[in-house]
Amino acid sequence: MTPAELSEAVLRCVRGAVDSGVLQAGVPAEAGVRRPPHGDAQWATGIALKLAAQAGRPAREVAGLIRDGLTGLPGVERAEVAGPGFVNVWTAGGAAVRTTVEETLQRPPVPVLREDPGRDARAWARAAGTAAGEAALLVQRAGNPLFEVRYAHARCRALVREGSRMGLEPEPGGLSGRAEVALAAVLGEWPRVARQGGGRRGIARYLTEAAEALMRAVTERPPLPAGDEKPGAVHRARLALAQAAGTVLADGLYRLGVSAPDHL
């Protein structure tokens, strides 16, 4: 289940409660599905907090209606009420990863910017509003967000190249590793971030998070076989996930006016 599909499912739950007379409120245009800042839930919505004021009912009670409506739906592993009235949702990992990767890889490639360290540092500093200064952004080391994002893109490209040399081509598939599912969840948010995610600063913040998620995923579940491990469908699926991450990172960097290197 993708974020868009989950959002539609939440709205259907609300619409069903309203139509049946259980909930006296209007149906919003959006469910506001986001990744929660804490815990291990993949998605959360605060729609019940908005509906509660209209309905004159406790937000957690309204959230319970939504939770009950989501429970048992295809693609939803479980849903829980959290905090003052949020609904946390865990979706079925494999299908969600496959769908996100397929949708990402269908997007047209972005233009390639020539490498220019000075320009890249200035562009990132303007976008991120960093206080570290452009000089610090030129240092290629951990802790430098510009380096980490560009390195993550280069790592994606290197994995795909090495996979090709081994006869492994990216092929979207179902993956269930926690870091893989988390990376797919981050990638699934890119269309929203690109459209309305807080402008250039929001894009820079997102790219930093996406780079971290990518590095966790390829460390926890390496896309390439090692030692006596035989290459198989799981490696092709991991390579496709890495390729999708590289696609998103390249798009975000281009929007900021920063080059996305194939080698670093």
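Being a predicted model, the structure only gives us computed values, none of them experimental.

**Q** What's the story with the overall build of the protein chain in this structure? I'm lost.
**A** Along its length, the protein chain carries 11 helices and 4 strands. Computed over the C-alpha atoms, the radius of gyration of the protein chain is 20 Å, within 12% of the 18 Å expected from 2.2 N^0.38 for a compact globule of 264 residues. Accessible surface, the protein chain: about 12600 Å² in total, of which carbon and sulfur atoms supply 52%. Here the protein chain contributes 33 positively and 28 negatively charged side chains, and the mean placements of these two sets differ by 4 Å.

**Q** So what exactly am I meant to see when it comes to the environment of Ala 128 here?
**A** Mapping Ala 128 onto the fold places it in helix H5 (residues 117-128). With 17 residues separating them in the primary sequence, Ala 128 and Pro 145 have C-alpha atoms 9.5 Å apart. Leaving out residues up to four positions away in the same chain, Ala 128 has contacts with Arg 201 and Ala 204.

**Q** Could you clarify how one ought to interpret the pairing of strand S4 (residues 86-91) in this entry?
**A** Each regular strand shows side chains that alternate between the opposite faces of the sheet. The buried fraction of S4 is high, at 5 of 6 residues. The pairing of strand S2 (residues 43-45) with S4 spans 3 bridges and is classified as antiparallel. Looking across to S4, one finds that Ala 44 is bridged to Asn 88. With 6 bridges joining them, strand S3 (residues 76-82) and S4 adopt antiparallel strand pairing. Bridging across to S4, Val 76 finds its partner in Thr 91. Hairpin connection, S3 to S4: the antiparallel pair is bridged by 3 residues, and Gly 83 has positive phi, about 60°.

**Q** Teacher, can you tell me more about the pattern of salt bridges here?
**A** Pairing between side chains of opposite charge can happen when their charged atoms approach one another. Here the structure, examined in full by the defined rule, presents 16 salt bridges. The structure contains a network of salt bridges with shared partners spanning Arg 35, Glu 189, Arg 192 and Glu 209.

**Q** How do you make sense of the packing of aromatic side chains when you look at a structure like this?
**A** For any pair of aromatic rings, geometry is given as the distance between the ring centres together with the angle between the planes. Overall, the coordinates contain 2 aromatic pairs when judged by the stated rule. Above the plane of the ring of Trp 90 lies Arg 78, whose end atom (NZ or CZ) is 3.6 Å from the centre.

**Q** Honestly, the sheet that holds S3 in this entry has me stumped. Any pointers?
**A** The antiparallel open sheet is built from 4 strands, whose spatial order is S1-S2-S4-S3. Of all strands in the sheet, those with a lone pairing partner are strand S1 (33-34) and S3, marking the two edges. Across the face of the sheet, helix H3 (residues 59-70) comes into contact with S3 and S4 while running at roughly 175° to S3.

**Q** Just to check I follow, could you spell out H5 for this structure?
**A** Along an α-helix, a turn takes 3.6 residues, which lines up residues three or four apart on a common side. In this model, H5 (12 residues) spans 16 Å end to end at C-alpha, consistent with the 16 Å of a helix rising 1.5 Å per residue. Taken residue by residue, H5 has Asp 120, Ala 121, Ala 123, Trp 124, Ala 125 and Ala 127 as its buried positions. Each element contacted by the buried residues of H5 is listed here: helix H6 (134-137), helix H7 (145-165), helix H10 (199-220) and helix H11 (233-256). Once H5 finishes, Gly 129 follows within two positions and takes phi at roughly 65°, a positive value.

**Q** Teacher, can you tell me more about the confidence of the model for the protein chain here?
**A** In low-pLDDT regions, the fine details of the predicted coordinates are not to be read closely. Put simply, the protein chain has an average pLDDT of 91, and 97% of its residues get 70 or more. Highest mean pLDDT in the protein chain belongs to H7 (97); lowest belongs to H6 (84).

**Q** How should I be thinking about the nonpolar core in this particular structure?
**A** When a protein is soluble and globular, its nonpolar side chains tend to lie buried together. Core analysis: the biggest nonpolar cluster contains 46 residues, and Trp 124, Leu 183, Leu 187, Tyr 206, Leu 207 and Leu 256 have the highest contact counts within it. Every element with two or more residues in this core is listed here: helix H4 (93-105), H5, H7, helix H8 (178-188), helix H9 (190-196), H10 and H11. The greatest single-element share of this core, amounting to 11 residues, is contributed by H11. Among the nonpolar cores identified, the runner-up in size contains 28 residues, and Ala 9, Ile 47, Leu 51 and Ala 185 belong to it.

How each quantity is defined
- Residues numbered from 1 in each chain as written.
- Predicted model: local features only at pLDDT ≥ 70, side-chain atom pairs only at ≥ 80, totals over all residues.
- Heavy atoms only, no water.
- Helix = DSSP H or I, 4+ residues; strand = E, 2+ residues; numbered from the N terminus.
- Rg over C-alpha atoms; globule rule 2.2 N^0.38 Å.
- Areas by Shrake-Rupley, 256 points an atom, 1.4 Å probe, with all protein chains shown as cover.
- Lys, Arg positive; Asp, Glu negative; His and termini not counted.
- Charge placed at Lys NZ, Arg CZ, Asp CG, Glu CD.
- Contact = heavy atoms within 4.5 Å.
- Buried < 20%, exposed > 50% of the residue type's maximum accessible area, 1.4 Å probe, protein only.
- Pairing = 2+ DSSP bridges.
- Salt bridge = Lys/Arg side-chain N within 4 Å of Asp/Glu carboxyl O.
- Phe/Tyr/Trp six-rings, centres within 6.5 Å; stacked < 30°, edge-to-face > 60°.
- Lys NZ or Arg CZ within 6 Å of the ring centre and 35° of its normal.
- Axes fitted to C-alpha atoms, helices over the stretch in contact; angles between N-to-C directions.
- Expected span 1.5 Å × (residues − 1).
- pLDDT = per-residue confidence, 0-100.
- Core = buried A, V, L, I, M, F, W, Y, C linked by side-chain atoms within 4.5 Å.

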